[in-house]
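# Observations on the model geometry
One letter stands for each residue in the lines below.
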Amino acid sequence: MKETDKQEVLFSKLVAYRRELHENPELSFKEFETTKRIRQWLKEEGITILDYPLEVGVIAEVSGAKPGPTIALRADIDALPIKEETNLPFASKNDGVMHACGHDFHTASILGSAILLQERKSELNGTVRIIFQPAEEVAQGAVAIDKAGVLEGVEAIFGMHNKPDLPVGTIGVREGSLMASVDRFEIDVIGVGGHAGIPNNSVDPIVAASQIVSALQTIVSRNISSFHNAVISVTRIQGGNTWNVIPEKVQLEGTVRTFQNEARELIPELMKRTSEGVASGFGAKADFRWYPYLPVVVNHAPFSQIMKETAEELGYTVVEASPSPAGEDFAFYQTKIPGFFVWMGVDGPQEWHHPAFMLKEEALPIAANYFADLSIKVLNQWK
Ligand code: NI
C-alpha cells in the first residue's frame with residue numbers, strides 16, 4: 001500500500017475509535033467498556049496485551065526486532081461527570097458523562113501509535129510499553145498503574161494533552177515545569193465559645209481565623225523565592241450559627257498550586273507554622289491538615305531536543321508550551337522515571353471540561369505519527 005493510502009486507512013480507523021469512545025464515555029475507575037474496546041482493537045491489530053492486575057485500563061507492548069531498553073507511551077481513558085452540549089452526531093449516550101477533556105482523543109491517537117509501531121517493528125531497537133491509564137480525572141490512575149508494577153523496567157515515559165488553543169499540527173514543548181501541583185488543606189481553629197457580648201470570657205476563633213487567612217497570604221509574598229510561583233487560596237470559612245454567640249471552632253479549607261516541587265514541599269510546613277503561631281497569639285489552637293493530591297508535571301530537560309526534532313521532521317510546528325495551572329497525574333510517573341509531556345494542538349472552540357468541548361479529528365494521525373516516530377528515535381538514540 002502507498003504511504004498516503006496507509007495514512008488514509010489509519011485516519012479513518014482513528015476517527016472511528018475516537019467517535020466510539022466519545023459516544024460511550026465512562027467515569028474514573030468505571031472504564032469497563034472502554035477497557036474491553038481497547039483490548040478488542042489491539043487484538044484486531046495483533047498487538048500484544050500484557051497481563052497486569054488491573055480492573056480497568058490496558059497495557060500493551062510492541063517489541064522491536066533488536067533488543068534494547070523499554071520506554072512507555074501513556075494515554076488516559078476516563079471521562080467527566082458533565083452533561084454534553086455539543087450536538088455532535090456521536091455525542092455521549094451516557095447521560096451526564098462526557099469526554100470533555102478529550103481523553104477519547106488521547107486513547108485513539110496512542111492506539112494509532114501502537115498500530116504504526118507494530119508495522120515498523122523492524123526499526124525498533126527496544127520495547128515500547130503502551131499504557132491506557134484509567135482515572136486521570138481523580139488523580140489516582142497513575143498510582144494504580146505503578147502499584148500494578150507496570151513501570152518496572154521502564155526507562156522513560158512520554159505523554160500528551162490535547163490543547164484547544166493551539167492549531168492542528170502544532171506541538172507545545174517546554175522543559176521543566178508544565179502543569180501545576182494541586183493540593184488541599186484544612187485548618188480547624190479552636191477557641192473557647194461564649195456570649196458575644198462578653199468576649200473577654202471567650203477565645204474568639206473567628207478573629208483568630210481571620211488573621212490566619214491574611215497571614216497565609218504572606219507565605220507566597222515573603223517566604224517563596226521570587227523565581228518560583230505559588231498560589232494559596234482559602235476557599236471555605238465555616239464557623240458560628242447565630243448572631244449573639246461566639247463559636248468554639250472555625251474551619252478553613254482551600255488549595256495550594258505551585259510550579260516547583262521545592263515550593264510544594266516548603267509551603268505546608270510554613271502554613272502549619274503560621275496558622276499555629278497566629279492562633280496561639282490569640283490563645284486559640286490551630287489543627288492544620290494537608291492532603292497531597294498531585295505533584296508538578298516536570299519535563300526532563302535532556303529530552304526536549306528530541307521532542308522538538310521529531311515534530312519538525314514530521315513537518316509540524318513547534319512552539320514553546322505555555323504552562324497550565326491545571327493538574328495532571330502524569331506527574332506521578334515523573335516522580336519515578338524521567339518523562340516528557342507535550343501539548344498537542346486540536347483547535348477547539350472551548351477550554352477543557354466545558355460541556356461544548358470539541359476538537360479537530362485531523363489531529364489524531366498527527367499525534368499518532370508523532371509518538372510512533374518519537375519512540376523509534378528515542379530508542380535509536382538511547383545511551
Ligand atoms: Ni485531561
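Up top is the structure these notes are about.
Let me begin by describing the structure that accompanies this report.

### Here we look at the overall build of the protein
Counting secondary structure elements, the protein contains nine helices and 16 strands. Taken over the C-alpha atoms alone, the protein extends approximately 90 × 45 × 40 Å along its principal axes. Classification of the 383 residues of the protein by burial places 54% in the buried group. Counting contacts in the protein only where the partners sit at least 6 residues apart, residues at least 24 apart contribute 82% of the total. When the 35 basic and 50 acidic side-chain charges of the protein are each reduced to a single mean position, those positions are 2 Å apart.

### Examining the coordination of the nickel ion
On the protein side, the nickel ion has Cys101 (SG), His103 (NE2) and His161 (NE2) as donor atoms, found 2.1 to 2.3 Å from it. We note that the donor set of the nickel ion lies within a single chain, spaced as C-x1-H-x57-H. Here Cys101 is found in the loop between strand 3 (66-76) and helix 3 (103-119), whereas its partner His161 is found in strand 5 (residues 154-163), with 60 residues between them in sequence.

### Some points on the side chain of Lys377
Here Lys377 lies in helix 9 (residues 363-380). Residue class for Lys377 comes out buried when judged on its relative accessible area of 14%.

### Some points on the sheet that holds strand 10 (residues 230-239)
Read from one edge of the open sheet, four strands run 10-12-8-13, paired in antiparallel fashion. At either end of the open sheet lies a strand with only one pairing partner, and these are strand 10 and strand 13 (285-294). Averaged over all pairs of adjacent strands, the angle between strand axes in this sheet comes to 20°, irrespective of strand direction. As judged from the nine bridges shared by strand 10 and strand 12 (residues 249-258), these two strands associate in the antiparallel manner. If you follow Ile232 over to strand 12, its bridge partner there is Val256. Against the sheet, helix 5 (residues 205-223) makes contact with strand 8 (181-190), strand 10 and strand 12, and its axis sits at roughly 170° relative to strand 10, the strand it touches most.

### A short note on the packing of helix 7 (residues 304-313) against helix 9
Closest axis-to-axis distance for the helix 7/helix 9 pair is 10 Å, and the angle between their directions is 125°. For the element pair helix 7 / helix 9, the angle class is oblique. In terms of crossing hand, the pair formed by helix 7 and helix 9 is right-handed. Across the interface between the two elements, Ile306, Met307, Glu309, Thr310, Ala311 and Glu313 from helix 7 touch Tyr370, Asp373, Leu374, Lys377 and Val378 from helix 9. Tallied by class, residues from the contact of helix 7 with helix 9 come to six nonpolar, one polar and four charged.

### A short note on helix 1 (residues 3-23)
Spanning 21 residues, helix 1 covers 30 Å between terminal C-alpha atoms, matching the ideal 30 Å at 1.5 Å per step. Residues of helix 1 that are buried include every one of Leu10, Leu14, Val15, Tyr17, Arg18, Leu21 and His22, and no others. Across the axial projection of helix 1, the buried residues extend over an arc of 165°, all falling on one side. For helix 1, the secondary structure elements touched by its buried residues are helix 2 (32-44), helix 3 and helix 9.

### Quick look at helix 6 (residues 261-281)
Its 21 residues give helix 6 an end-to-end C-alpha distance of 31 Å, which sits within 8% of 30 Å, the value for a rise of 1.5 Å per residue. Turning to helix 6, its buried residues are Ala263, Arg264, Ile267, Pro268, Leu270, Met271, Thr274, Ser275, Val278 and Ala279. Those residues of helix 6 that are buried are in contact with strand 8, helix 5, strand 10, strand 12 and strand 13. Phi turns positive one or two residues past the end of helix 6, at Gly283, with a value near 75°.

### Comments concerning the packing of helix 1 against helix 2
Here helix 1 crosses helix 2 at 165°, and the two axes come no closer than 11 Å. Here helix 2 runs roughly antiparallel to helix 1, going by the angle between their axes. The element helix 1 and its partner helix 2 pack so that their crossing is right-handed. For the pair helix 1 and helix 2, the contacting residues are Tyr17, Glu20 and Leu21 in the first and Thr34, Arg37 and Trp41 in the second. Among the residues making up the contact of helix 1 with helix 2, the classes are represented as three nonpolar, one polar and two charged.

### Notes on the environment of Tyr52
Turning to its location among the elements, Tyr52 is positioned in the loop between strand 1 (48-49) and strand 2 (58-63). Separated by 93 residues in sequence, Tyr52 and Ile145 have C-alpha atoms that sit 8.9 Å apart. Other than its neighbours up to four places away in sequence, Tyr52 contacts Ile59, Arg129, Ala148, Gly149 and Val150. There is a polar contact of 3.3 Å between the side chain of Tyr52 and the side chain of Arg129.

The rules behind each value
Residues numbered from 1 in each chain as written. Predicted model: local features only at pLDDT ≥ 70, side-chain atom pairs only at ≥ 80, totals over all residues. Heavy atoms only, no water. Helix = DSSP H or I, 4+ residues; strand = E, 2+ residues; numbered from the N terminus. Buried < 20%, exposed > 50% of the residue type's maximum accessible area, 1.4 Å probe, protein only. Contact = heavy atoms within 4.5 Å. Lys, Arg positive; Asp, Glu negative; His and termini not counted. Charge placed at Lys NZ, Arg CZ, Asp CG, Glu CD. Donors = N, O, S within 2.8 Å, 3.2 Å for Na, K, Ca; no water. Pairing = 2+ DSSP bridges. Axes fitted to C-alpha atoms, helices over the stretch in contact; angles between N-to-C directions. Parallel < 35°, antiparallel > 145°, perpendicular 65-115°, else oblique. Left-handed = near helix turned anticlockwise from the far one by under 90°. Nonpolar A, V, L, I, M, F, W, Y, C, P; charged D, E, K, R; others polar. Expected span 1.5 Å × (residues − 1). Arc of directions from axis to C-beta. Polar contact = N/O pair within 3.5 Å; in protein donor to acceptor, adjacent residues only side chain to side chain.

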